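Structural characterization, general
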There are 2 protein chains.
Amino acid sequence: MTEYLAGINSPEDLRKLPVSALSGLASEIRSALIACVTQTGGHMGSNLGFVECAIALHYVFNTPEDKLIFDVSHQSYAHKMLTGRKRAYLDSAHYGEFSGFTNPGESEFDIFRAGHTSQAVSLACGMAKARDLLGLRHNVIAVLGDGSLSGGEAFEGLDNAAVVGSNLIVVFNDNEMSIAPNSGGIYDGLAELRRTNGESSNNLFRAMGLDYRYVEAGNDVQALVNVFREVKDIDHPIVVHIHTLKGKGLAWAEEHKEEAHSVHAQSWHAPEGETFQSLTRDLLARKMAADPSVVAVNAGAPGGVGLTPEFRAACGKQFVDVGIAEQHGVAFVSGLARGGAKPVFLVMATFLQRSFDQLIQELGLNRCPATILVFGAGFYDIDATHAGTTDIVTTGNVPGLTCLAPATKEEYLRMLEWSIDQRERPVVIRVPELLISAGSCGFDPERPSAWHVVRKGRQLAILSIGATIDLACQAADLFRERDSVEATVVEALNYSSFDEPLLDQLAKSHDLVVTLEPGILCGGFGEKVARYYGKTHVRVNCYGGKKEFLDRVPADEFLKIYHFTPEDIVRDAEEMARGE
Amino acid sequence: MTEYLAGINSPEDLRKLPVSALSGLASEIRSALIACVTQTGGHMGSNLGFVECAIALHYVFNTPEDKLIFDVSHQSYAHKMLTGRKRAYLDSAHYGEFSGFTNPGESEFDIFRAGHTSQAVSLACGMAKARDLLGLRHNVIAVLGDGSLSGGEAFEGLDNAAVVGSNLIVVFNDNEMSIAPNSGGIYDGLAELRRTNGESSNNLFRAMGLDYRYVEAGNDVQALVNVFREVKDIDHPIVVHIHTLKGKGLAWAEEHKEEAHSVHAQSWHAPEGETFQSLTRDLLARKMAADPSVVAVNAGAPGGVGLTPEFRAACGKQFVDVGIAEQHGVAFVSGLARGGAKPVFLVMATFLQRSFDQLIQELGLNRCPATILVFGAGFYDIDATHAGTTDIVTTGNVPGLTCLAPATKEEYLRMLEWSIDQRERPVVIRVPELLISAGSCGFDPERPSAWHVVRKGRQLAILSIGATIDLACQAADLFRERDSVEATVVEALNYSSFDEPLLDQLAKSHDLVVTLEPGILCGGFGEKVARYYGKTHVRVNCYGGKKEFLDRVPADEFLKIYHFTPEDIVRDAEEMARGE
């Protein structure tokens, strides 16, 4: 099985093979990837489709002197296997050593850390320009997928690539799929190019001023070697459009492209019963049935937000996937709301960063009554590129937005229904991960800025965001046990404004306020409370994340690192009470 | 002169005119605009070129039932004159009544407030979809300029427009210019379409799946009326590409398109002598001459950042205008830095919002040693769409960025030179507006996180950002006068991190810390100081802007509204000292 792969520890080893050996090597790599990813989980489909291209690129180009820049970089597994990291895919004991994305900290063959889409061409433009300014000579190659092409940054990059005026090769990996099926006007044009073997005059890339080559046999390593040899050292920008098969070599993955885009580890079990995703689907379905203007919108990443293929199909015209285009997503729902519809934009926290300006301008300034549901916010065991810890910064500081943070199922459902029905304001709802049912609801639609007092006490008040309410109660229990004082516990249900009457009331009978925030503290919620009380005798202690990039840290580790434990909270409170 | 215009108070009046009268009306409007804008200042070139189109749109379409959505909306003056607001352009006494952009608060003919670019098609997609869901029938028309087309959001919008499946008309107003000359691969394609009367098979819009019409005579109102009549009530999306002349009717504006894009009021005088813009040019020129890898980058808005046509020409290959594409801009300089060059991205604070995700991912996470110079940050007499008050949120909360806020010329120059030369980290420099020369420099390149103690005192410490150092000193003077105590004054030269030793030192001899911040408080600098001191006895009072949209508020009004006066600061400090 590892006739060739065993001997390859770097692209230099690869280049010693005859071309005739490369398809055998591709089979070995593909088999290893299937065996590995089936067990460990990870990005399956795009990696299986990209094996031959990764081999051909390293075979023809003189990496790492020639610079290979991956878009998203979730398709870089074969690249990693060829650049000294194959043990991660051959021996599950080593799997965790390397991330699922490119990372210069791992290898000189990785030029950037990447995880969001559509940035590779822009980065490559910069690398090419730097090369030219420094008088160097090497190839700069960007690998861009057809899913990423719907992101505006990719278009900005291609538009600028066309005027680079020197060597720049864009390998456009067209596997006819984004994470989910592609949506948008460009995809008919790509299909026409595939149908006509690249001959159609209707050519987006040429229309943008770029030279162009088409390779139908994108999983034929010999064909790829040939075309890369032809374009190597080219003196101007060119797009090499290759047609590949997502999931190639694994029948199930070829058939079920969306499910096989990213697969779970074998040991993983789907959460049973209700989730916030299933609750959202159920509520949306009910609202849609009652009102044809209720419409769910997603930007090319339906998985994390629970928009299953079945649900999307059932929604019919009341669901729109705008492609990987978060800027458009927020502007689109702003237009929907202004036009009288009731849009709900479901988005992962990490990707909402792309819409910051649109949240300010199109949504906030225009006060369009759209609902934004933010999933994946908080501390997760995930790559630094996909951290969901900045959403409070991204939304809570924008004028005009009402930002809600439910803790329980009951609060979430009432907030969502209220938000869809109301016509006055844009609303952001931070969806918790952990489903808690309280049997009651602290959210009052008549007073959307009001917080919910869960326990009334004195001396110490704990303000919690979302699911940290559990920790707040535990800390209060411990405080009672150790200090014989009943602490006040408050759910801060709205993090875009203060419940000022409540805060002023607390100041009368409390000396210490603690804030609990599942996100980074900088620019977040706790700091605002600290500012509010800054002029008073009330001392404030904020718990939350540091301003740092953390890579694949287990959720319970986060709690330790950031002192999210009842013991830490109570000990700190006692110290502060003693004036230390 | 006002044979027709005098009788027009709404599009209904316009529609009563025979088509033959429209070119006369256009002349009247154009003359009025020239007379007005020459005096008052405003957007000249694009408005003069769009007069006939505005007339034809309102003549043919049934506004406001048909929805007309302007991109940027700086070209909406003729539209405003036709929709009940002509007095602003005929009588300078009324000029200030209306903003220079569309605003639903002014008129039912304005659908959105807009000011940043490239959003109109996305908003129109939403309006069209809402119409369809609600079972309504009206036209939705987006007006997009060729300059805006380089922004990724426009591409995302067009890609999605192509699959709207019902009426959506994009009027593509091609005047061959952005604010500055266009740059990017798409512009050769547009030129080819103009040369071939729209017949070239190389057609970006068709390649994106959109129907297409070309109108060479974009300033011939009869031709426009004809084409709009043909596309009115169309059952699918279409792009109507019209070729107009920027600055039409004013010889100087036709000749000097960049200068005439936006002109100053007659009463305005250019600042004499040095400005931060001129200092930046001089330093960049010197660094570029010494090192061919130093490169200045701008995203289609060179005016506010001082990149004059002469300077750009002199830079040669060491200047790149990426078009209106801020996402690409930040990714591009990240690539340049990673490739070994020394890039400086000059950008207006308000537009940097577009790059939030790229600041986090491409720049911060990758620690690319690029320099970002932020101009126009702070409180200005400007439209709410262009407020520069969010830059500290946009940059100061991003892990990995070193964010500097110089107060003086000397500090700025030392910071900029240090930043260009160093290779360790991305640096953001917030360029002050008001040039202060202190003759000395508080910034120490060996300690880029250190703050500068300007005066040592006790009891009260005032921490200032940028040019608020003057106010800090005035407040300290007043405090000495009234309370006989010497206050400490500190320039917080770095707003991305704390000078912790200094803060801890201050806590020993000060009870009160005041922060002065020319930006919104939410998510800003002062809140972080409040959090830092939250656990201690030190009280903190933060001065800065509220989280709100303010429209064209004079700078000195801001200072009053937000209590940026020595009297306010000292009075508040005295009250706090008394424990009130």
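Residues numbered from 1 in each chain as written. Chains lettered and ligands numbered in written order. Predicted model: local features only at pLDDT ≥ 70, side-chain atom pairs only at ≥ 80, totals over all residues. Heavy atoms only, no water.

Each helix and strand in chain A was counted, giving 23 helices and 18 strands. A compact globule built from 580 residues should have a C-alpha radius of gyration of about 25 Å, and chain A, at 26 Å, falls within 12% of that. Its C-alpha atoms give chain A principal-axis dimensions of roughly 80 × 50 × 50 Å. Of all intrachain contacts in chain A linking residues separated by at least 6 positions in sequence, the fraction that spans at least 24 positions is 77%. (Helix = DSSP H or I, 4+ residues; strand = E, 2+ residues; numbered from the N terminus. Rg over C-alpha atoms; globule rule 2.2 N^0.38 Å. Contact = heavy atoms within 4.5 Å.)

With that out of the way, let us pick up the relation of the copies chain A and chain B. In screw terms, the move from chain A to chain B is a rotation of 180° and a rise of 0.0 Å along the axis, fitting with an RMSD of 0.0 Å. Overall, the copies show the geometry of a two-fold rotation axis. Of all interface residues in chain A, 100% are interface residues in chain B too; the two copies therefore contact each other through one and the same surface. (Least-squares fit on C-alpha atoms with pLDDT ≥ 70 in both.)

What tends to happen in soluble globular proteins is that the nonpolar side chains get buried as a cluster. Counting 187 residues, the largest nonpolar core has L149 of chain A together with L149 of chain B as its most contacted members. When residues no more than four places from it in sequence are discounted, the contact partners of L149 of chain A are L144, A154, L158, F172, I186, Y187, L190, L204 and F205 of chain A together with F155 of chain B. L14, I34, V60 and L224 of chain B belong to the second largest nonpolar core, which has 56 residues in total. (Core = buried A, V, L, I, M, F, W, Y, C linked by side-chain atoms within 4.5 Å. Buried < 20%, exposed > 50% of the residue type's maximum accessible area, 1.4 Å probe, protein only.)

Moving on: the pattern of salt bridges. Counting across every chain of the model gives 65 salt bridges over all chains. With a closest N to O distance of 2.9 Å, D421 of chain B and K287 of chain B form a salt bridge. Here D421 of chain B, found in helix 18 (residues 409-421), pairs with K287 of chain B, found in helix 12 (residues 276-290); they are 134 residues apart in sequence, far enough to count as distant. The class of D421 of chain B is partly exposed, set by a relative accessible area of 35%. Accessibility expressed as a relative area gives 10% for K287 of chain B, which makes it buried. In the salt-bridge network here, residues are joined through shared partners; they are K80, R85, E106 and D110 of chain A. (Salt bridge = Lys/Arg side-chain N within 4 Å of Asp/Glu carboxyl O.)

What follows covers the confidence of the model for chain A. Mean pLDDT over chain A stands at 95; residues scoring 70 or higher make up 99%. Across the predicted assembly, pTM comes out at 0.97 and ipTM at 0.97. (pLDDT = per-residue confidence, 0-100.)

A few words now on the side chain of D383 of chain B. Counting through the fold element by element, D383 of chain B comes out in the loop between strand 11 (371-375) and helix 17 (391-396). D383 of chain B has contacts with S99, G100, F101, L550, D551 and R552 of chain B, leaving out every residue within four places of it along the chain.

Moving on, we come to the pairing of strand 4 (residues 168-174) of chain B. All names here are of chain B. With 7 of its 7 residues buried, strand 4 lies for the most part within the structure. A two-sided burial pattern is seen for strand 4, the buried positions comprising L168, V170, F172 and D174 on one face and I169, V171 and N173 on the other. Note that the unit made of strand 3 (residues 140-145), helix 7 (residues 152-161) and strand 4 has a crossover that is right-handed. Pairing analysis gives 7 bridges linking strand 4 to strand 6 (residues 237-243), with the strands arranged parallel. Within strand 6, the residue paired with V170 across the bridge is V239. (Right-handed = clockwise from strand over helix to strand, strands pointing away. Pairing = 2+ DSSP bridges.)

Okay, the sheet that holds strand 16 (residues 488-491) of chain B next. All names here are of chain B. One open sheet accounts for 5 strands, arranged 14-16-15-17-18; its pairing is mixed. Bordering the open sheet on either side are strand 14 (452-455) and strand 18 (539-545), each of which pairs with just one other strand. For this sheet, the mean angle separating the axes of adjacent strands, direction not counted, is 20°. Pairing geometry for strand 14 and strand 16, over 3 bridges, is antiparallel. Each residue of the ladder has a partner; that of V453, found in strand 16, is V490. Strands strand 15 (459-464), strand 17 (510-520) and strand 18 of the sheet are contacted by helix 21 (residues 526-533), whose axis makes an angle of about 170° with strand 18. (Axes fitted to C-alpha atoms, helices over the stretch in contact; angles between N-to-C directions.)

Residues and elements named next belong to chain B. The strand order 9-8-10-11-13-12 describes an open sheet built from 6 strands, whose pairing is parallel. Edge positions in the sheet fall to strand 9 (319-321) and strand 12 (402-404), since each of these pairs with one other strand and no more. Pairwise comparison of adjacent strand axes, ignoring direction, gives a mean angle of 20° for this sheet. As defined by bridge partners, strand 10 (residues 342-348) adjoins strand 11 across 5 bridges and the pair is classed as parallel. The partner of V347 across the bridge, within strand 11, is V374.

In this assembly, 107 residues from chain A lie in contact with 107 residues from chain B. Around 8,700 Å² of area is buried between chain A and chain B when both sides are counted, 60% of it from carbon and sulfur atoms. Here chain A is connected to chain B by 6 salt bridges. As a salt-bridge pair, E527 of chain A and R531 of chain B come within 2.8 Å of each other at their nearest N and O atoms. Where chain A packs against chain B, one counts 48 residue pairs in polar contact (both at pLDDT 80 or more). Here the element with the most residues in the side of chain A that touches chain B is helix 14 (residues 326-338) of chain A; it accounts for 9 residues. (Buried area = accessible area lost by both parts, 1.4 Å probe. Polar contact = N/O pair within 3.5 Å; in protein donor to acceptor, adjacent residues only side chain to side chain.)

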